[in-house]
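# Descriptive structure summary
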Amino acid sequence: MFEYQAPEGLLENRVILVTGAGDGIGRTAAITYAQYGATVVLLGRTTEKLEQVYDEIESAGYPQPAIIPLNLEVAVPHDYDTVAEIITREFGRLDGLLHNAGLLGRLGPLHQYDPETWQQVMQVNVNAPFMLTRALLPLLRESSDASVVFTSSGVGNKGRAHWGAYSVSKFATEGLMQVLADEEDGLSRVRSNAINPGATQTTMRASAYPAENPDTLPTPEEIMPVYLYLMGQDSHPINGQVLKAR
Ligand code: NDP
């Protein structure tokens, strides 16, 4: 497991947006960031799930979060501008952005891969993080220490048969992260990195490996050290890297 013990209050006074915050790793990351003092903006497509995370954060006494419902599969550039406007109006700042939402699509050989599914996966996993980053970059650049964290995968730098659009989208995610990291290097205080969570006990993992016993896998809670590390200032000046959660 990635070794890092986050100090209490690591993320105090920081505003952090998490995509796909209603379930799986994103849900746990949002609650963990709030636990360490961040004001968390919960973005996702299923409002009821986001409300549950909101309630959990509030009842634990962590900083009051905010909810922005958005379906990344159908969102257009204007919607991302609206996200930026809401954050500017409500908080006036943004210090962290966790691109966590992801779509697995269907596993199968390329010659049988459904083009519509291909486009959906690329839209959620690649185009949406690009458009969201683009809209939020002006706000992030105003932060004294901004961290943008992308989510890759074990199939994000080595292709694997049958992983189709998902694998290709994670290569693109790493590319997007590197381009951003290089562009902002020396220009702003925006750092950009990616996490490869490794096999983790979530709904996505279970749909990719239905025969696997989920109890043999780490929970999202167990992989949080690297998520905290990259979002806080202890990881300064790491930029353009992919870190493994374990
Ligand atoms: P889950 O499927 O458990 O959660 C994915 C989250 O993304 C959900 O909250 C989901 O929302 C949200 N999401 C999906 N599509 C959209 C959309 N169109 N608009 C907005 N939100 C959307 O996945 P994990 O927690 O397992 O995965 C999190 C990230 O980690 C992903 O990027 C994944 O690729 C990556 N990853 C996961 C691994 C694992 O073993 N679990 C291994 C390697 C990488 P909703 O709840 O409404 O469906």
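It should be noted that the structure appears before, not after, this text.
Keep in mind the model is a prediction, meaning the values are calculated, not measured. (Residues numbered from 1 in each chain as written. Predicted model: local features only at pLDDT ≥ 70, side-chain atom pairs only at ≥ 80, totals over all residues. Heavy atoms only, no water.)

### Let's talk about a negative patch on the surface
Residues Glu48, Glu51, Asp55 and Glu58 make up a contiguous surface patch of negative charge. The residue Glu58 is located in helix H2 (residues 47-59) in this model. Residue class for Glu58 comes out partly exposed when judged on its relative accessible area of 41%. (Patch = residues over 30% accessible without salt bridge, like charges linked within 9 Å, V, L, I, M, F, W, Y side chains within 5 Å. Areas by Shrake-Rupley, 256 points an atom, 1.4 Å probe, with all protein chains shown as cover. Salt bridge = Lys/Arg side-chain N within 4 Å of Asp/Glu carboxyl O. Lys, Arg positive; Asp, Glu negative; His and termini not counted. Charge placed at Lys NZ, Arg CZ, Asp CG, Glu CD. Helix = DSSP H or I, 4+ residues; strand = E, 2+ residues; numbered from the N terminus. Buried < 20%, exposed > 50% of the residue type's maximum accessible area, 1.4 Å probe, protein only.)

### Looking at the packing of helix H4 (residues 115-141) against helix H5 (residues 164-184)
Remark: H4 packs on H5, axes separated minimally by 8 Å, with the N-to-C direction vectors making an angle of 15 degrees. Here H4 is positioned roughly parallel relative to H5, judged by the angle of their axes. As for how H4 packs across H5, the hand of that crossing is right-handed. Taking contact as the criterion, the partners of Trp118, Val121, Met122, Asn125, Val126, Pro129, Phe130, Thr133, Leu137 and Arg141 in H4 are, on H5, Gly164, Ala165, Tyr166, Val168, Ser169, Lys170, Ala172, Thr173, Leu176, Leu180 and Glu184. Taken together, the residues that form the contact of H4 with H5 break down as 13 nonpolar, 5 polar and 3 charged. (Axes fitted to C-alpha atoms, helices over the stretch in contact; angles between N-to-C directions. Parallel < 35°, antiparallel > 145°, perpendicular 65-115°, else oblique. Left-handed = near helix turned anticlockwise from the far one by under 90°. Contact = heavy atoms within 4.5 Å. Nonpolar A, V, L, I, M, F, W, Y, C, P; charged D, E, K, R; others polar.)

### Overview of the site of the ligand
Taken together, 29 residues lie near the ligand, and Thr46, Lys49, Asn100, Tyr166 and Thr202 sit nearest. Listing elements by their share of the shell around the ligand, those giving two or more residues are helix H1 (24-35), H5 and helix H6 (203-208). Sorting elements by how many residues they give to the shell around the ligand places H6 first, with 3 residues. Looking at the shell around the ligand residue by residue, the class counts come to 9 nonpolar, 14 polar and 6 charged. (Near = heavy atom within 4 Å.)

### Observations concerning the packing of aromatic side chains
Scanning all chains against the criterion turns up 5 aromatic pairs. Measuring from ring centre to ring centre gives 6.0 Å for Trp163 and Tyr209, while their planes differ by 40 degrees; the resulting arrangement is tilted. Of this pair, Trp163 sits in the loop between strand E5 (146-151) and H5 while Tyr209 sits in the loop between H6 and helix H7 (224-231); the two residues are 46 residues apart in sequence, bridging distant segments of the chain. When its relative accessible area of 11% is taken as the criterion, Trp163 is described as buried. Residue classification places Tyr209 among the partly exposed residues on the basis of a relative accessible area of 28%. (Phe/Tyr/Trp six-rings, centres within 6.5 Å; stacked < 30°, edge-to-face > 60°.)

### Overview of the nonpolar core
With 34 residues, the main nonpolar core has Leu11, Tyr33, Leu42 and Tyr227 as its most contacted residues. Of all the elements in the fold, those that place two or more residues in this core are strand E1 (15-19), H1, strand E2 (39-44), H2 and H7. Per-element accounting of this core gives the leading share, 7 residues, to H7. Apart from the residues within four sequence positions on either side, Leu42 is in contact with Val18, Ala21, Ala30, Leu50, Val53, Tyr54, Ile57, Pro65, Ala66, Ile67 and Ile68. Ranked by size, the runner-up nonpolar core spans 30 residues in total, among them Ala84, Leu94, Ala101 and Leu180. (Core = buried A, V, L, I, M, F, W, Y, C linked by side-chain atoms within 4.5 Å.)

### Topic: the pattern of salt bridges
By the definition in use, this model includes 7 salt bridges. The closest approach of N and O atoms between Asp145 and Arg191, which form a salt bridge, is 3.5 Å. You can see Asp145 sitting in the loop between H4 and E5 and its partner Arg191 sitting in strand E6 (residues 190-196), a full 46 residues away along the chain. Both residues of the pair, Asp145 and Arg191, belong to the buried class.

### Points about the sheet that holds E6
Pairing is parallel across the open sheet formed by 7 strands, whose spatial order is E3-E2-E1-E4-E5-E6-E7. At either margin of the open sheet sits one strand with a lone partner, and together these are strand E3 (66-69) and strand E7 (242-244). Taking the axes of each pair of neighbouring strands and ignoring which way they run, one obtains an average angle of 20 degrees across the sheet. The pairing of E6 with E7 spans 3 bridges and is classified as parallel. For Ile195, the partnering residue across the bridge sits in E7 and is Leu243. Across the sheet, H7 touches E1, strand E4 (96-98), E5, E6 and E7, and the angle it forms with E6 is around 170 degrees. (Pairing = 2+ DSSP bridges.)

### Details of the side chain of Ser169
By the secondary structure assignment, Ser169 is in helix H5. There is a polar contact of 3.1 Å between the side chain of Ser169 and the side chain of Asn125. Residues in contact with Ser169, not counting those within four places in the same chain, are Val121, Met122, Asn125 and Val126. (Polar contact = N/O pair within 3.5 Å; in protein donor to acceptor, adjacent residues only side chain to side chain.)

### Quick look at the side chain of Glu184
Position of Glu184 among the secondary structure elements: in helix H5. A residue is classified by how much of its surface remains accessible, and Glu184, at 1% relative accessible area, is buried. A polar contact is formed between the side chain of Glu184 and the side chain of Arg141, at a distance of 2.8 Å. Once you skip the residues sitting within four places of it in the chain, Glu184 turns out to touch Leu137, Arg141 and Val190.

In short, shape yes, function no, at least from these values alone.
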